[in-house]
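Breakdown of the fold
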Amino acid sequence: AAQYAPLDILMIDQEGKIIQLLPGIVLSKLDREIYPAGPISAFLVIRGGSSEKLSIRPGDYVEYSLFKKPPLVLTAPKR
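Now for a description of the structure that goes with this document. (Residues numbered from 1 in each chain as written. Predicted model: local features only at pLDDT ≥ 70, side-chain atom pairs only at ≥ 80, totals over all residues. Heavy atoms only, no water.)

1. Side note on the overall build of the protein
Check the secondary structure of the protein and you find one helix and three strands. The N-to-C order of helical and strand elements in the protein reads β-β-β-α. In terms of C-alpha radius of gyration, the protein reaches 16 Å, well past the compact-globule figure of 12 Å for 79 residues. If one aligns the C-alpha atoms of the protein with their principal axes, the spans along those axes are about 60 × 25 × 25 Å. Counting over 79 residues, the protein shows a buried share of 27%. Counted over contacts in the protein with a minimum sequence separation of 6, partners at least 24 positions apart contribute 63%. (Helix = DSSP H or I, 4+ residues; strand = E, 2+ residues; numbered from the N terminus. Rg over C-alpha atoms; globule rule 2.2 N^0.38 Å. Buried < 20%, exposed > 50% of the residue type's maximum accessible area, 1.4 Å probe, protein only. Contact = heavy atoms within 4.5 Å.)

2. A word on the environment of Tyr4
By the element assignment, Tyr4 lies in the segment before strand E1 (7-12). Between the alpha carbons of Tyr4 and Asp60 there is a distance of 27 Å; along the sequence they are 56 residues apart. Not counting residues up to four positions away in its chain, the partners in contact with Tyr4 are Val26 and Ser28.

3. Points about unusual backbone geometry
Outside of glycine, negative phi angles account for most residues, and trans bonds account for most peptide bonds. Of note in the backbone geometry, Ser55 takes a positive phi value of approximately 55° without being a glycine. Looking at the secondary structure, you find Ser55 in the segment after helix H1 (50-53).

4. Thoughts on the pairing of strand E2 (residues 18-25)
Of the strand pairs in this sheet, E1 and E2 are connected by five bridges, and their pairing is antiparallel. Paired with Met11 across the bridge in E2 is Gln20. The antiparallel hairpin formed by E1 and E2 contains five residues in its connecting segment, where Gly16 sits at a positive phi of about 90°. (Pairing = 2+ DSSP bridges.)

5. Let's talk about the sheet that holds E2
A sheet is described by the order of its strands in space; here three strands give the open sequence E2-E1-E3, paired in antiparallel fashion. In the strand order of this sheet, the two ends are held by E2 and strand E3 (42-47), each with one partner. Neighbour-to-neighbour, the strand axes of the sheet open up by a mean angle of 15°, direction not taken into account. Direction of pairing for E1 relative to E3: antiparallel, over a ladder of six bridges. Considered in E3, the bridge of Leu7 is made with Arg47. (Axes fitted to C-alpha atoms, helices over the stretch in contact; angles between N-to-C directions.)

Set out below in structure tokens:
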């Protein structure tokens, strides 16, 4: 079945960071391949316009068990 409603596609890296946002994509009108700007672990498809309504931007994070944030490393200040 063709897909006519616009979608927002979020490209997400291994830590859950949105590295790329493709707003208003209509899959049935796509005339080229979509490639992420860098390595991704997942993509999330939401209703078109939702990213703008929710102020979702590249650099934001998605929380989900698939995404592993690096451990926090504390270092002593240099003297």
